[in-house]
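Structure at a glance
Listed below are the residues making up each chain.
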Amino acid sequence: MREFDENRFYEKLTPFFKTPIIGGLVGLPQRNDFLYVSTEEKGLRLLYRRSATSDPQKLLDKPLSGILALHDKKDLLVYKKDEDGNENYNIFQLDFSNNGKTTQITKEPIGSVAEVYWVDNETLVVVGFNEEHYYVRTLNMKGEMVEVFTTAEQVLNSHYDRKNKLIAAAVERRYTKIAIIDISTAEVKNWITQSEDSSCSFPAFSAKGQLAYICDQQVTHDELIIQASDNPEELKKFPLPGFAGFWPFDEDAIKWIDEEQLVVTVGKHGRVSLYHFYIPDAKWTEILPKDLSLNSAVVTSDSIIWTGSSFKRPQAMYKCKDGKNTKLLDMGPDVLDFSIESHWYKTYDERKIHGWLLKNPDPDAPLLVFCHGGPTYAITNSWNLYLVPFVLAGFNVFAPNFRGSTTYGSEFKDLNIGEFGRGDLEDCLYGAKAIAEYLGYKALPHIYGASHGGFLTLRALTKQPDEWLGGVAIVPIADLEEAYSLANSHYKAFLKHFFGGTPEEKRKLYREYSPINFVANLKKPLLIYHGANDSRCPVVSVRRFHEEARKLNLPVELIVAGDEGHGTKKIEGIFDEIKLSVKHLLSLQE
């Protein structure tokens, strides 16, 4: 057992958590200013305004939970706010020309809100979901809503065409099609797809109504398609230098600069970058340096504004103009003492899997396998508030981008459909063994994960109990059948996507992959941390998992945070969560 030195922990990690982070970057091609959220003041998510040539101006003294839409002419912003992480949002308007005056627009919470667009000064288009379905609605400033479109499928991303009052919505998780919806008549004008077994997603309208979107090409690359506004049958197709976006719900993977230029978010092999594309020459130009991954980007009338980072380098903000990057804001120097290695290894079916190894300078550092959430997500070489602290606290950390991860193509992204929690878990175990052999590490590894990563942790310790020393599961799901019965429309569609149907249709699969049905196999110490208000992975099944384990005198500890949902957005909350996790994992060392 290694002793947990709390003073040493605070000494190592406090500077890291005091390093500011940037989020919520919002801008428009019609404006030369932009807004962003930063934690540079007391760790609070405060709102700032600036342009490429001006200093930042703080707009609010209170933390902001989620920026949604900036008006193209007026100093107006729409944002969302929930209660203690329950993801049931009200929508507010902020007038930052009037001393930060805020006005609640919605009369009551309207579910989870993904995107909002300004139609005119008095009307918004809202895309989101509630208990029953995904929706597109109009919302006026009196709080009156009109349903425009509903679906039982997930709406992955969308974009609004102000010129023609159309909204393009990418619908359905696997074979995604784009619905072109007229908000005036509440009618679907047409559906856009390229074939029955491909996905079309990430729609974006230009100022004159041209529609750009992405069609996946399975293994090698994706394809950018541009559809003429005056002749929908006229298509231009261009291969991407990788795969579009970072995860399925990216709202701004494509951004128009003008009618001949776009910027596109492109991922490949665990890195996300930003490319400029000039249509007449079909020329792609990478904007980011190779040692950084993209965090966010916007287009303003003056330049492209982007933020980037690496595991070791805090976020910085840049403007790109005429192909030249100029730093606008730097959150800190690259001073962290560990090395970063990119590793490929063979898994159980001979497929190659990629992951990141963050090596602690201590030759005796224990090995921790870090399982990402999503699962349609990836660990990229970027500033990570959850992963890097474990390296600073004394671990070697390996983060595999197991099957189902993004940035490796749609064929790889879909590999865990039908075996959710089996093949991806095997990839994690094979990665742990490959890295242990590489490091000469003889002991059993630890396992840690949040959301889907937490689910994998429960699966690992109940299905592979002899392969792990113990672990930590953050906001996991323990009973898939119960989760479906309690789920909102988003998570019901999520589970149907991965299991090929409802629990009634695929009961054997739901039960086979639910950790609660194998709790008796648990041997190694497990810490579970969960939010009481989690709407995605309800805490009720985790409580039952804990109760069943305690009845059998198995080593499980459960901590439930009463004011949190699916994870915490507070810096101090993340710090406390990591401290509890490190203390638990170090207690397992012999």
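As a reminder, the structure under discussion sits directly above these lines.
Residues numbered from 1 in each chain as written. Predicted model: local features only at pLDDT ≥ 70, side-chain atom pairs only at ≥ 80, totals over all residues. Heavy atoms only, no water.

**Description of the pattern of salt bridges**
Put simply, the test is: By definition here, a salt bridge exists when the distance from a side-chain nitrogen of Lys or Arg to a carboxyl oxygen of Asp or Glu is within 4 Å. A helix here means a DSSP run of H or I that spans at least four residues, while a strand means a run of E at least two residues long, and both kinds are numbered starting from the N terminus. Burial here depends on accessible area, computed with a 1.4 Å probe over protein chains only, as a share of the maximum for the residue type. Under 20% is buried, over 50% is exposed, and the range in between is partly exposed.
Under the counting rule described, the total for this entry stands at 33 salt bridges. Arg544 is paired through a salt bridge with Glu482; the nearest N and O atoms lie 3.4 Å apart. Taken together, the positions of Arg544 in helix H9 (residues 539–551) and Glu482 in helix H6 (residues 480–486) put the pair 62 residues apart, joining distant regions of the chain. The class for Arg544 is partly exposed, based on a relative accessible area of 31%. Through salt bridges with shared partners, a single network forms among Arg31, Asp33, Arg49 and Asp75.

**Things to note about the pairing of strand S14 (residues 166–171)**
As a reminder, the rule being used: Note on pairing: DSSP must find at least two bridges between two strands before they are called paired.
Among the six residues of S14, six are classified as buried, and the element is accordingly described as predominantly covered. In this sheet, S14 lies alongside strand S13 (residues 155–161) in antiparallel orientation, the contact comprising six bridges. When the sheet's bridge partners are listed, Asn157 is paired in S14 with Ala170. Between S13 and S14, which pair antiparallel one after the other, the connecting turn spans four residues, and Lys165 there sits at a positive phi close to 55°. Where S14 meets strand S15 (residues 177–182), six bridges bridge the pair, whose relative direction is antiparallel. Paired with Val171 across the bridge in S15 is Lys177.

**Concerning the layout of surface pockets**
Short version of the rule: A 1.4 Å probe that fits but cannot get out identifies a cavity on a 1 Å grid over protein atoms alone, an open set with protein on both sides within 12 Å along at least five of seven lines counts as a pocket, and a residue lines either if it has an atom within 4 Å of a point. Grid points are joined across faces, edges and corners, and a volume is the space filled by probe spheres set on the points. Gly is placed with the polar residues, together with every amino acid not listed as nonpolar (Ala, Val, Leu, Ile, Met, Phe, Trp, Tyr, Cys and Pro) or charged (Asp, Glu, Lys and Arg).
The volume enclosed by the second largest pocket comes to roughly 480 Å³. Considering the residues around the second largest pocket, the lining is formed by 28 residues, among which Arg8, Lys12, Leu392, Ala393 and Gly394 are closest to the centre. Of all elements in the fold, only helix H1 (6–18), helix H2 (388–392) and helix H10 (571–586) reach the threshold of two or more residues within the lining of the second largest pocket. Per element, the largest residue contribution to the lining of the second largest pocket is five residues, and it comes from H1. Here the lining of the second largest pocket is composed, by residue class, of 17 nonpolar, four polar and seven charged.

**Topic: the sheet that holds strand S11 (residues 134–140)**
As a reminder, the rule being used: Every angle, taken between N-to-C directions, lies between 0 and 180 degrees, and every axis is a line fitted to C-alpha atoms, over only the stretch in contact when it is a helix.
Strand order in the open sheet made by the four strands is S9-S10-S11-S12, with antiparallel pairing throughout. Each of the sheet's edge strands pairs with one partner strand only, and the pair in question is strand S9 (112–120) and strand S12 (145–151). Strand-to-strand, the axes of this sheet are offset by a mean angle of 20°, without reference to chain direction. When S11 meets S12, the two strands line up antiparallel, connected through six bridges. Across the sheet, the residue bridging to Val136 is Phe149, located in S12.

**Points about the sheet that holds strand S18 (residues 211–216)**
The four strands lie next to each other as S17-S18-S19-S20, forming an open sheet whose pairing is antiparallel. Every other strand in the sheet has two partners, leaving strand S17 (200–205) and strand S20 (235–239) as the edge strands with one partner each. Direction aside, neighbouring strands of the sheet carry axes that sit 20° apart on average. Of the strand pairs in this sheet, S17 and S18 are connected by four bridges, and their pairing is antiparallel. Note on S18: the bridge partner recorded for Phe205 is Leu211.

**Details of the packing of aromatic side chains**
Where we set the bar: Classification of ring pairs uses Phe, Tyr and Trp, with its six-membered ring standing for Trp, and accepts pairs whose centres are within 6.5 Å; under 30 degrees between planes counts as stacked, over 60 as edge-to-face, and the remaining range as tilted. Charge-over-ring contacts are defined here by two conditions on Lys NZ or Arg CZ: a distance within 6 Å of the ring centre and an angle within 35 degrees of the ring normal.
All told, the structure shown has 37 aromatic pairs when counted by the stated rule. Note on Phe390 and Phe395: the rings are 6.3 Å apart at their centroids and 75° apart in plane angle, and the pair reads as edge-to-face. Among the aromatic residues, those joined into a cluster by ring pairs are Phe420, Phe455, Tyr484, Tyr491, Phe494, Phe498, Phe499, Tyr510 and Tyr513. The side chain of Lys312 reaches across the aromatic face of Phe338, ending 5.7 Å from its centre. Note that Lys463 overlies the ring of Phe518, its terminal NZ or CZ placed 4.0 Å from the centroid.

**A look at the packing of helix H4 (residues 423–439) against helix H5 (residues 452–463)**
Quick note on the threshold: Here is the rule for angles: anything less than 35 degrees is roughly parallel, anything more than 145 is roughly antiparallel, 65 through 115 is roughly perpendicular, and the remaining ranges are oblique. Whether two residues touch is decided by their heavy atoms; if any such pair falls within 4.5 Å, the residues are in contact.
Remark: H4 packs on H5, axes separated minimally by 10 Å, with the N-to-C direction vectors making an angle of 75°. Comparing the axis directions of H4 and H5 gives the class roughly perpendicular. Packed against H4, whose contacting residues are Asp424, Leu425 and Cys428, the element H5 presents His452, Leu456, Arg459 and Ala460 at the interface.

**Side note on H9**
To keep things clear, this is the line we draw: By this rule, a helix spans an expected 1.5 Å times one less than how many residues it contains. The arc refers to the directions leading from the helix axis to the C-beta atoms.
Between its first and last C-alpha, H9 extends 18 Å over 13 residues, near the 18 Å set by a 1.5 Å rise per residue. Turning to H9, its buried residues number three or more, namely Val539, Ser541, Val542, Phe545, His546 and Ala549. Angularly, the buried residues of H9 cover 160° about the axis, an arc narrow enough to put them on a single face. Among the structural elements, H5, H6, strand S36 (526–531) and strand S37 (556–561) are those in contact with the buried residues of H9. Asn553 lies just past H9 and shows a positive phi near 60°.

**What to know about empty space enclosed by the protein**
Applying the stated criterion to the full structure yields three cavities of 30 Å³ or more. Quantified by volume, the largest cavity comes out at close to 310 Å³. For the largest cavity, the lining is made up of 23 residues, of which Phe202, Asp222, Ala244, Ser410 and Lys413 are closest to its centre. Elements supplying a minimum of two residues to the lining of the largest cavity: S13, S17, S18, strand S21 (243–244) and helix H3 (410–413). Looking at the lining of the largest cavity residue by residue, the class counts come to nine nonpolar, nine polar and five charged. Quantified by volume, the second largest cavity comes out at close to 40 Å³. As for the second largest cavity, its lining consists of Arg173, Thr376, Lys413, Asp414, Asn416, Ile417, His497 and Phe498.

**Topic: the environment of Asp330**
Selection rule: N or O atoms within 3.5 Å of each other form a polar contact, as long as, within protein, one can give a hydrogen and the other can take it, and as long as residues adjacent in sequence are counted only when both atoms are side-chain atoms.
Tracing the backbone through its elements, the reader meets Asp330 in strand S29 (residues 324–330). C-alpha of Asp330 to C-alpha of Arg313: the two residues are 17 residues apart in sequence and 9.9 Å apart in space. Look past the residues within four positions of Asp330 in its chain and what remains in contact with it is Gln315 and Ala316. Among the polar contacts listed, one links the side chain of Asp330 to the side chain of Lys327, at a separation of 3.0 Å.

**Things to note about the packing of H1 against H10**
Rules: It is the rotation of the near helix from the far one that decides the hand of a crossing: anticlockwise by less than a right angle makes it left-handed, clockwise makes it right-handed.
For the pair H1 and H10, the least separation of the axes is 11 Å and the interaxial angle reads 145°. Crossing angle aside, the handedness with which H1 passes H10 is right-handed. Seen from H1, the contacting residues are Glu6, Phe9, Tyr10, Leu13, Thr14 and Phe17; seen from H10, they are Ile571, Ile574, Phe575, Ile578, Lys579 and Val582. Of the residues in the contact of H1 with H10, the class split is nine nonpolar, one polar and two charged.

**Concerning unusual backbone geometry**
Cis geometry marks the peptide bond from Gly374 to Pro375; its omega dihedral reads -5°. Mapped onto the fold, Pro375 is located in the loop between strand S32 (367–371) and H2. Of note in this structure, Glu350 is not a glycine but carries a positive phi near 75°. Assignment of secondary structure puts Glu350 in the loop between strand S30 (339–346) and strand S31 (352–359).

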